Amino acid sequence: MELLRRLLARTLGLGAAEDAEPERRLEELTLRGVGRFLSGGRCKKVLCMVGAGISTSAGIPDFRSPGTGLYANLGSYDLPYPEAIFEIGFFKEHPEPFFALARELFPGQFKPTVCHYFMRLLQDKGLLLRCYTQNIDALERVAGLDPERLVEAHGTFVTSRCLEPSCRQSYTLRWMKERIFSSLVPRCEKCESVVKPDIVFFGENLPQRFFSLLQADFPQADLLLIMGTSLQVQPFASLVGRVPPSTPRLLINKEKTGQGDPLLSLMGLGGGMDFDSDKAYRDVAWLGECDAGCRALAELLGWKEELEALVESEHAAIDARTEGDPWAPPKAKGGRDSQDPPPKIKGDVGDPPSAEGGAPPH
Ligand code: OAD
């Protein structure tokens, strides 16, 4: 088996060609081992990769969980197959099902979770290199992640654009929200074409920011923290293979994901994560709810109280805003609006007057 592994590694470029063992940085392949590594002073740059599972406790369904996932519950939308709702070709012909779903999932109706605020703590402590998210719910922004620290790999709902290539007029979240909640298919005020939120549909390219930042980010990560994703969609899923061979990878998820092809894994090939084989040396799977995993890690790091206090204060700040909407304008005090300026996109159609704008709580 070992001979075959080396032969395949050399001829096909699969797996590690060289025989040198990568450095083992975790004392034990457990959450405690990761906690020790994270607090031991050698881990200064944490990269997060997250998916829909970090937002389910906020009330947003994921895509693929049997029974509760979005793809299992689109029966009423009259689709040829569930994924069609996020395919650009289908959307251009039939935009209505997407906007009906968007009404249900509109960002602003949900609060960030413990897991989102754990990443905020990593940022506040100077440990977050970047968060790569597949989510379009904008909860990372609402939780106060600095846009510089964030790569929204599948785009965002926060801005929208006219689909007509010669127009591409941009629109704000508020403009889009008004139309979606009036059950209208949003149409460009300049050219009447359909306006689509800036989320990446199947058949569209990921944002340039994703490709340009990953080149520099992944080779310098000290720890890869993967949470709430089935790692089934490319190119995002393949990012787990881009950190150096000695970089520990922690998966916090309900199920094991990212293990690659079982046969290739058995041979020590394939580049997927290896939690269980006798060659496992850096991958840890903590199975359960993302929030519970983050609480447990925070406890190991001595951050538990800080995390709970952050969640409480941030949720209270959201509740203090109109109808508990994190993107709503802050409540007026003495006739004037208070707190942060809105996340503005200059020159957008639908820009609210500046005194009225809402902001994600920070
Ligand atoms: P999936 O629905 O494919 O996977 C979510 C993962 O999170 C699954 O492994 C669940 O078991 C797990 N999970 C769910 N709730 C959890 C919880 N509370 N705690 C821990 N784990 C939990 O979602 P993604 O991997 O994000 O793309 O999906 C990737 C992409 O597929 C999405 O960005 C979307 C979709 O098609 C586009 O629309 C372009």
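Note that this is a predicted model, so its numbers are computed, not measured.

Novice: How should the sheet that holds strand β6 (residues 195-199) be read in this particular structure?
Specialist: Sheet strands pair via backbone hydrogen bonds, and the direction of the pair is either parallel or antiparallel. The strand order across the open sheet formed by three strands is β5-β4-β6, and the pairing between neighbours is antiparallel. Of all the strands in the sheet, the pair left with one neighbour each is β5 (170-171) and β6. The sheet contact formed by strand β4 (residues 155-162) and β5 spans two bridges and is antiparallel. Paired with Ser160 across the strands is Tyr171, a residue of β5.

Novice: I'm lost on the site of the ligand in this one. Help?
Specialist: With respect to spatial proximity, 25 residues lie near the ligand, and among them Arg64, Tyr71, Thr229, Ser230 and Glu255 are the closest. Note that an oxygen atom of the ligand is positioned 2.5 Å from one of the side-chain N or O atoms of Tyr71. With respect to the ligand, the backbone of Lys254 contributes an N or O atom lying 3.1 Å from a nitrogen atom. Relative to its unbound accessible area of 800 Å², the ligand is 96% covered by the protein chains.

Novice: I tried to follow the environment of Phe99 on my own but got confused; where do I start?
Specialist: With respect to the helices and strands, the residue Phe99 is situated in helix α4 (residues 96-105). Taking C-alpha positions, Phe99 is 8.6 Å from Pro186, a pair spaced 87 residues apart along the chain. Setting aside residues no more than four positions away along its own chain, Phe99 makes contact with Phe91, Met176, Ile180, Val185, Pro186, Val194, Val195 and Pro197.

Novice: It is not clear to me how the pattern of salt bridges should be interpreted in this structure. Could you clarify?
Specialist: Note on pairing: side chains with opposite charge can pair once their charged atoms come close. A full pass over the atoms with the stated rule returns 20 salt bridges. The closest approach of N and O atoms between Lys254 and Glu289, which form a salt bridge, is 3.7 Å. Placement of the pair is Lys254 in the loop between β8 (249-253) and α9 (262-266) and Glu289 in the loop between β9 (283-287) and α10 (290-301), with a sequence separation of 35 residues. In this structure Glu289 comes out as partly exposed when scored by relative accessible area, which is 41%. Overlapping salt bridges bring together Glu27, Glu28, Arg32 and Arg36 as one network.

Novice: I'm lost on the sheet that holds strand β1 (residues 46-50) in this one. Help?
Specialist: One open sheet holds the six strands; their spatial order is β3-β2-β1-β7-β8-β9, and the pairing between them is parallel. Two strands close off the open sheet at either side, each with one partner strand: β3 (150-152) and β9. Here the average twist between neighbouring strands, direction ignored, is 15°. Bridge count for β8 against β9 is five bridges, and the pairing is parallel. Bridge pairing in β9 links Asn253 to Leu287.

Novice: Which parts of the structure should I look at to understand the packing of helix α5 (residues 114-124) against α10?
Specialist: Two packed helices can be described by the angle between their axes and the distance between those axes. Running from amino to carboxyl end, α5 crosses α10 at an angle of 35°, the nearest separation of the two axes being 8 Å. Seen from above, α5 lies across α10 with left-handed handedness. Residue-level contacts link Val114, Cys115 and Phe118 of α5 to Cys290, Asp291, Cys294, Arg295, Leu297, Ala298 and Leu301 of α10. Class assignment of the residues belonging to the contact of α5 with α10 gives a composition of eight nonpolar, no polar and two charged.

Novice: What is the right way to read the state of the cysteines from this model?
Specialist: Considering all chains together, one arrives at zero disulfides under this definition. A disulfide-free cysteine, Cys115 has its sulfur positioned 3.7 Å from the sulfur of Cys294, the nearest such atom. Residue classification places Cys115 among the buried residues on the basis of a relative accessible area of 0%. Cys115 provides the cysteine sulfur closest to Cys290, a residue in no disulfide bond, and the two sulfurs are 4.8 Å apart.

Novice: Looking at this model, I keep getting lost on the side chain of Arg120. Mind explaining?
Specialist: Tracing the backbone shows Arg120 in helix α5. The exposure class assigned to Arg120 is buried, which follows from its relative accessible area of 11%. Engagement of the side chain of Arg120 in a polar contact is seen with the backbone oxygen of Ala143, the distance being 2.9 Å.

Novice: Help me out: how do you make sense of the packing of α4 against helix α7 (residues 173-181) in this one?
Specialist: Running from N to C, α4 and α7 point in directions that differ by 110°, and their axes come no closer than 9 Å. When the axis of α4 is compared with that of α7, the two are roughly perpendicular. Judged by residue contacts, Phe99, Ala102 and Arg103 of α4 engage Met176, Ile180 and Phe181 from α7. Here the residues of the contact of α4 with α7 are counted per class, giving five nonpolar, no polar and one charged.

Novice: Any chance you could explain unusual backbone geometry here in plain terms?
Specialist: When glycine is set aside, most residues are seen to have a negative phi, and most peptide bonds are trans. Note that the residue after Gln234, namely Pro235, is joined by a cis bond; omega there is 5°. As for its position among the elements, Pro235 is in the loop between β7 (223-227) and β8. Unusually for a residue other than glycine, Arg168 sits at a positive phi of about 55°. Along the polypeptide, Arg168 turns up in the loop between β4 and β5.

Novice: How do you make sense of the packing of aromatic side chains when you look at a structure like this?
Specialist: For the structure on display, the rule yields 16 aromatic pairs. Their ring planes at 85° and their centres at 5.6 Å tell us that Phe91 and Phe98 sit as a pair that is edge-to-face. The pair Phe91 / Phe98 is uniform in exposure class, with both members buried. Between the aromatic rings of Phe91 and Phe201, the centroid separation amounts to 5.1 Å while the plane-to-plane angle is 70°, which identifies the pairing as edge-to-face. In this pair, Phe91 is assigned in helix α3 (residues 88-93) and Phe201 in the loop between β6 and α8 (208-217), connecting sequence segments 110 residues apart. Both residues of the pair, Phe91 and Phe201, belong to the buried class. Of the aromatic side chains, those joined through ring pairs into one cluster are Phe63, Tyr71, Phe86, Phe91, Phe98, Phe99, Phe157 and Phe201. Above the plane of the ring of Trp303 lies Lys125, whose end atom (NZ or CZ) is 4.9 Å from the centre.

What counts, and where the lines are drawn
- Residues numbered from 1 in each chain as written.
- Predicted model: local features only at pLDDT ≥ 70, side-chain atom pairs only at ≥ 80, totals over all residues.
- Heavy atoms only, no water.
- Pairing = 2+ DSSP bridges.
- Helix = DSSP H or I, 4+ residues; strand = E, 2+ residues; numbered from the N terminus.
- Near = heavy atom within 4 Å.
- Polar contact = N/O pair within 3.5 Å; in protein donor to acceptor, adjacent residues only side chain to side chain.
- Areas by Shrake-Rupley, 256 points an atom, 1.4 Å probe, with all protein chains shown as cover.
- Contact = heavy atoms within 4.5 Å.
- Salt bridge = Lys/Arg side-chain N within 4 Å of Asp/Glu carboxyl O.
- Buried < 20%, exposed > 50% of the residue type's maximum accessible area, 1.4 Å probe, protein only.
- Axes fitted to C-alpha atoms, helices over the stretch in contact; angles between N-to-C directions.
- Left-handed = near helix turned anticlockwise from the far one by under 90°.
- Nonpolar A, V, L, I, M, F, W, Y, C, P; charged D, E, K, R; others polar.
- Disulfide = S-S within 2.5 Å.
- Parallel < 35°, antiparallel > 145°, perpendicular 65-115°, else oblique.
- Phe/Tyr/Trp six-rings, centres within 6.5 Å; stacked < 30°, edge-to-face > 60°.
- Lys NZ or Arg CZ within 6 Å of the ring centre and 35° of its normal.

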